[in-house]
Amino acid sequence: MIATKYEVVVGLEVHAQIKTESKMFCSCSTDYLAAPPNANTCPVCLGLPGSLPVINRKAVEATIRTALALHCEIPEFSKFDRKNYFYPDLPKGYQISQYDLPFSRNGYLEFEVKGEPGRCGITRVHLEEDTGKLLHAGAIEEAQSSLINLNRAGVPLMEIVSEPDLRTADEAREYVMRLRAILQYIGVNDGNMESGQLRCDANVSLRPVGAKEFGTKVEVKNMNSFRAIHRAIEYEIVRQTEVLDGGGRLKQETRGWNDARGLTVSQRSKEFAEDYRYFPEPDLPPLEVSRAWVEKIRSALPELPAARRDRLVSQFGLSAYDASVLTSSKPLAEFFEETVRLGAPAKTAANWILGDFSRFLNAEHKEIQDSGIRPQHLQQLVGLVDSGAISGKMAKQTFEEMYHAADPGPALEAAKRTQQISGDTELEGIVEQVIAQNEKSVADFKAGKQQALMFLIGQAMKLSRGRANPERLTALFREKIT
Amino acid sequence: MPENEPELSSDEVRHVARLARLGITPEEVTRFRDQLRNILHAIEALNRADTSQVPATAHPLEQRNVMRDDVSAPSLTVEAALRNAPSVEDGYFKVKAIQE
Amino acid sequence: MNLFARSIRELHQMLADHEISSVELTESVLGQIDAVGRQTHAYLAVTRDLALRQARDADDRIREGARVRPLTGIPIAIKDVLCIEDVPTTAGSKILDGFLPPYNATVVERLAKEGAVFLGKTNCDEFAMGSSNENSGYRPVHNPWDLDRVPGGSSGGSAAAVASGEAIAAVGSDTGGSIRQPAALTGTVGMKPTYGRVSRYGLIAFASSLDQVGPITRDVADCAILLQAIAGADPRDSTSSLHPVPDYLDGLDAGVHGMRIGVPKEYFVNGMEPAVEKAVRNALEVYQRLGAAIEEVSLPHSDVALPAYYIIAPAEASSNLARYDGARYGAQAGGGHNLIEEYGLTRQQGFGAEVKRRIMLGTYALSSGYYDAFYLKAQKVRTLIIEDFKRAFEKVDALLGATSPTVAFPLGAKTQDPVAMYLNDIITIPANLGNVCGISVPCGLANGLPIGLQIIAPGFREEVALRVARAFEAATDFNRARSPLMGTAA
């Protein structure tokens, strides 16, 4: 817990690539992760002399779609501008971006932290092109060099800027998680932070509680996961608090999060302030965003996370919390609904997904779509338990096998073949054998110790290699021990 | 157009050259400063025009919403993309490192 | 008459009639390049092998009996700001020394499709910045009319080549007068189409909202033919217009009877040479005789066109030229300790003085605190100039004036004073800012040096400019004059 004499002010800038086939201003493929260096380039994205950009309509529509999902205003007129600066990953020496007339502004994102609702304003969502990637090479002894791969240069990129409304690291993390879910839901971005498809920078400052002016803003970069965002912001809050408490002044600077060392490091400030000299992009006529066009995009919006969550509560009777977690990612929500559609009871399906399944996935930092288990597998497993064919414990074992196998099929098939023993004859035999072999426990049970019954049931399950129906066993034990 | 502004200074010339990544010798700073001052004087005439009632023309043509379909097409070969580069390594463009 | 001295139309007929072959014609022009090239320096690169290959292909097409397109087999020169795949393209700059584009400009593709023959890349002012071709990073061009004088710029090489017989026709680019002014100084016909009429894809950018590619030819009909081949929308250039392209030869000889021609009083500028003014006034009389109604008009903001241009063009150029850092193409300085130093050295060594001046001026005009006062103000002045032309064209069909206030001046005469050099474009610049088209045609000689008459027509009405120009050409014989390097005219 941090002393509360300062108010924490956090704003987030999220860059999200748009899942288009081709780049923002040329027809090169956006599938840059798989391609050899510089294999997805052309005169336009290489910035060759004489090349000219042409706007990708789908990227514009994706931006408007995102803006609508974030409750933004969409002005009738928009344009692109040049942001001029020099960097080796920026082939033209300028980035085509948006400055004073972005596609959207003034929206908001709602979230919940520990059950408490919150809302963060969204200043703007605009569209620009991504830069290339730099690798640093060279031995320490000789002059270092950089290697440039321009496959990523020109990929469409949305910049989503929040108002400085966030007050804790928890809120910041929650904001990014919700935003990511929305972007997945509307199909513009898969939410992959590790690959750089979704990137987040934070602006963190402190001010005395009650103060109106903002404190010195520190930009924090290089946070590649939700956890990193949380840890980095918490670290910065502590660091800034210590500086201010010690009577020091904070430098307005950019700091990089070092995940391995768990701290932010000042990035060497530039010799001089960059002046981007924005001016309207002369190679691209401006855009008139008609209301009809916006309506067409709005009407094609899929169900958004908040609406889906509410529907899961009302349609399936799930708790708000469970619905919330299930809808936190589109693949998770879809897995759940498909499992239910195939016949599994909603609450059971939810329990499996939020319980064992999530546990295994989280341990490996995987997502549900990474697993070989498909909704039909889960639905069938649940069916086996419900019909009494296998016990719950057996089901858990089976699920674990299914999860770790390359193909869940065989384990599921094996479970299907295993019949639970419910027939009394076989069960009676087992019960009598256990009674005979465990006199002390039988005595304890007679004396009133309920745990002894549990022990006996356990022994019977062992004997039956897990195939006995526990309810039947319980009844039989009670009958025979009197 | 700034009126009654002091003359363009050498510092400003150096600053502008830095923004534009143009190496510049001290002699060039002075020479360009003087030449640019003359040019800026000539440009001052812009102030004669009353532009209070007109919008800026950033795009001479009237067309709007010029866009293309999201279809990918073959890129240049890596060889063609790198052909003009003075220095390459393993398919990458190679440059000196930034040391700020 | 030598083949290299003839017009596109004449040669097209001779080819179609099988009187000559394209190879023969191409060899004739290549021969003239050999003969006088070291005097004019019109070319930076002569593409002999490519030209002859294309000539042979043209001859095959003609032989097959297919209807011969007007430019098939015709050898033309291409200004070195246009990319031809695998052909050295420098934009007249050292910083692009050795650059081989991996693609063709749209204009080049269209001309190749028409069967034209490419003689080579013509010399020009570096990145098209200049009015005398003395800013070429390689060497200046010499005017075929007087080798001690400039041919004008920035398309000086293209204009000189047409005037000297080193090309039948040429393609240039015009941002502030860079086709019209050298055409005037070399006694050729040069047209700046309306912005957006011709694709800029593959044109090495100088000022994105002003640059246009256009023809330089020996007569107006040739100009129409060349314009026809290159005009039209291009999906790769978002600033190219969807305005339909008419048949420019249709109605070319309709004459000017009944047309209204306006003479902007502001175009008789201070510093205009008396001979130039006299030639223009004589031209007005010719038009009157031909039945046009001449009236004086006013384009009141003409005096702020030059200042506005010298903010807008350098500002856009400063951004367009940021890509020249030596990392992916062009000349790299080497020797820098780190990348920033490397950029600085590469650009310091690779760019000439005029380019550096304009980059600095443009950077300054866009920089923090100055944007409103400079760039925004200039763009508003641009609106005023556009409106000046609109108002004038409500009253008249075309405007007339001199192209350049002077005839060709001696090499070195204006290189010390940038502002003096800028004044060469004072009458051509308004048309670039004004969304209109303009053409220059020869209208006389002063001491053996050509004078150009400028005709301006409304945006996307190139056919009007051509028709008005053609009427003058047909009624006079100024266009028959030939530079000394051409040899004797037939």
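These figures come from a predicted structure and were not determined experimentally. (Residues numbered from 1 in each chain as written. Chains lettered and ligands numbered in written order. Predicted model: local features only at pLDDT ≥ 70, side-chain atom pairs only at ≥ 80, totals over all residues.)

Focus: the overall build of chain B
The line we're drawing: Helix numbering and strand numbering both begin at the N terminus, where a helix is a DSSP run of H or I of at least 4 residues and a strand a DSSP run of E of at least 2. Just to be clear, the radius of gyration here is over C-alpha atoms, and the globule rule we use is 2.2 Å times residues to the power 0.38. Put simply, a residue is buried when 20 or more other C-beta atoms lie within 10 Å of its own C-beta and exposed when 12 or fewer do; between those, it is partly exposed, and each C-beta is set from the backbone.
Scanning chain B from terminus to terminus reveals three helices and three strands. Counted from the first residue to the last, chain B has its helices and strands arranged as α-α-β-α-β-β. Against the globule reference of 13 Å for 100 residues, chain B gives a C-alpha radius of gyration of 23 Å, more extended than a compact globule. Split into buried and exposed, the 100 residues of chain B put 38% on the buried side.

Some details on the nonpolar core
Put simply, the test is: Think of a nonpolar core as buried Ala, Val, Leu, Ile, Met, Phe, Trp, Tyr and Cys residues, each tied to the set through C-beta atoms within 7 Å. For every residue pair, C-beta atoms are placed from the backbone, and the pair is scored as a contact if these atoms sit within 7 Å.
Counting 273 residues, the largest nonpolar core has Ala202(A), Ile76(C), Ala398(C) and Ala465(C) as its most contacted members. Filtering out sequence-adjacent residues up to four positions away, Ala465(C) remains in contact with Ala398(C), Cys437(C), Gly438(C), Ile439(C), Ile455(C), Ile456(C) and Ala457(C). Counting residues in hydrophobic clusters, the runner-up holds 29 residues, among them Ala323(A), Ala344(A), Ile353(A) and Met394(A).

Brief notes about the domain arrangement of chain A
Residues and elements named next belong to chain A. As a reminder, the rule being used: An automatic or database domain assignment supplies the residue ranges for each domain.
Taken domain by domain, chain A comprises domain 1 (6–294), domain 2 (303–417) and domain 3 (424–480). For the side of domain 1 that touches domain 2, the secondary-structure elements that each account for two or more residues are β6 (104–113) and α3 (169–185). Here the element with the most residues in the side of domain 1 that touches domain 2 is α3; it accounts for six residues.

Quick notes on helix α4 (residues 106–113) of chain C
Residues and elements named next belong to chain C. Of all the positions in α4, only Thr-106, Val-107, Val-108, Arg-110 and Leu-111 are classed as buried. Check the buried side of α4 and you find it contacts β2 (75–79), β4 (169–174), β6 (212–217) and α7 (220–230). Gly-115 occupies a position one or two residues after α4 and carries a positive phi of about 90°.

What to know about the sheet that holds strand β5 (residues 94–97) of chain A
Note the cut-off: DSSP-based pairing: two strands are paired if at least 2 bridges between them are found.
Ordered by their spatial adjacency, three strands build an open sheet running β5-β4-β15 (chain A), and the pairing between neighbours is antiparallel. Two strands close off the open sheet at either side, each with one partner strand: β5 and β15 (279–280) of chain A.

Comments concerning the interface of chain C and chain B
Stated precisely, the cut-off is as follows: Residues are grouped as follows: Ala, Val, Leu, Ile, Met, Phe, Trp, Tyr, Cys and Pro are nonpolar; Asp, Glu, Lys and Arg are charged; every other residue, Gly included, is polar.
Facing 57 residues of chain C, the contacting portion of chain B comprises 45 residues. Elements that contribute at least two residues to the side of chain C that touches chain B include exactly α9 (305–320), α10 (339–350), α11 (353–366), α12 (372–395) and α13 (418–422) of chain C. A per-element tally of the side of chain C that touches chain B places α12(C) first, with twelve residues. A breakdown of the residues in the side of chain C that touches chain B according to their chemical character gives 30 nonpolar, 18 polar and nine charged.

Here we look at the environment of Arg61(C)
Residue and element names in this part refer to chain C. By the element assignment, Arg-61 lies in helix α3 (residues 48–63). For Arg-61, a count of 18 C-beta atoms within 10 Å gives the class partly exposed. Between the C-alpha atom of Arg-61 and that of Thr-72, which follows or precedes it by eleven residues, the distance is 8.5 Å. Apart from residues lying up to four places away in sequence, Arg-61 is in contact with Ala-66, Thr-72 and Gly-115.

Quick look at the packing of helix α10 (residues 375–386) of chain A against helix α12 (residues 409–417) of chain A
All names here are of chain A. What counts, and what does not: All axes are obtained by fitting lines to C-alpha atoms, using only the stretch in contact for helices, and the reported angles, taken between N-to-C directions, cover 0 to 180 degrees. Should an angle fall under 35 degrees it is called roughly parallel, over 145 degrees roughly antiparallel, and 65 to 115 degrees roughly perpendicular, with every other angle called oblique. If you view the pair so one helix is near and one far, a crossing is left-handed when the near helix is turned anticlockwise from the far one by less than a right angle, and right-handed when it is turned clockwise.
Where α10 meets α12, the axes come as close as 11 Å, and the angle between the chain directions of the two elements is 20°. One finds that α10 runs roughly parallel with respect to α12. The two elements α10 and α12 meet at a crossing, and its hand is left-handed. Contact residues: α10 offers His-377, Gln-380, Leu-381 and Leu-384, while α12 offers Leu-412, Ala-415 and Lys-416. For the contact of α10 with α12, the class distribution of residues is four nonpolar, two polar and one charged.

Points about the packing of helix α2 (residues 57–69) of chain A against helix α5 (residues 291–299) of chain A
Residue and element names in this part refer to chain A. Between α2 and α5, whose axes approach to 10 Å, the crossing angle comes to 70°. With respect to their mutual orientation, α2 and α5 come out roughly perpendicular. Along the contact surface, α2 presents Glu-61, Ile-64, Arg-65 and Leu-68, while α5 presents Val-294, Ile-297 and Arg-298. Considered class by class, the residues forming the contact of α2 with α5 number four nonpolar, no polar and three charged.

Brief notes about the interface of chain A and chain B
Contacts between the two partners involve 42 residues from chain A and, on the opposite side, 32 residues from chain B. Elements with a minimum of two residues in the side of chain A that touches chain B: β2 (55–56), α2, β8 (133–137), β9 (145–149) and β16 (287–288) of chain A. At five residues, the largest contribution of residues to the side of chain A that touches chain B is made by β9(A). Each residue belonging to the side of chain A that touches chain B can be placed in one class, and the counts come to 20 nonpolar, 14 polar and eight charged. In terms of strand pairing, β9(A) meets strand β3 (residues 92–96) of chain B through four bridges, oriented antiparallel. Of the residues in β3(B), the one forming a bridge with Ile148(A) is Phe93(B).

Looking at the pairing of strand β7 (residues 260–264) of chain C
All names here are of chain C. We count it as follows: A crossover counts as right-handed when, viewed with the strands pointing away from the observer, the path leading from the first strand over the helix to the second turns clockwise.
In terms of residue burial, β7 counts as a mostly covered element, since four of its five residues are buried. Following the chain from β7 across helix α8 (residues 274–289) to the adjacent parallel strand β8 (residues 293–297), one finds a crossover that is right-handed. Judged from the two bridges that link them, β7 and strand β9 (residues 398–402) form a sheet pairing that is parallel. Counted as the bridge partner of Ile-261 is Ala-398 from β9.

What to know about the sheet that holds strand β7 (residues 116–129) of chain A
All names here are of chain A. The strand order across the open sheet formed by eight strands is β6-β7-β10-β1-β11-β12-β13-β14, and the pairing between neighbours is mixed. If you trace the sheet from one side to the other, it starts and ends with β6 and β14 (263–266), each paired once. Recorded for the sheet is a direction-independent mean angle of 30° between the axes of neighbouring strands. The sheet contacts of α3 involve β1 (6–17), β6, β7, β10 (156–162) and β11 (198–208), and relative to β6 the element is tilted by about 115°.

Regarding unusual backbone geometry
Between Gly153(C) and the following residue, Ser154(C), the backbone shows a cis peptide bond with an omega angle of 10°. As for its placement among the helices and strands, Ser154(C) is situated in the loop between β3 (117–122) and α5 (156–164). Even without being glycine, Asn222(A) reaches a positive phi, approximately 70°. Mapped onto the fold, Asn222(A) is located in strand β12 (residues 218–223). Not every positive phi belongs to a glycine, and Phe460(C) is a case in point at roughly 60°. Along the chain, the position of Phe460(C) falls in the loop between β11 (449–457) and α15 (462–475). Look at Phe460(C) and you get buried, because 21 C-beta atoms sit within 10 Å.

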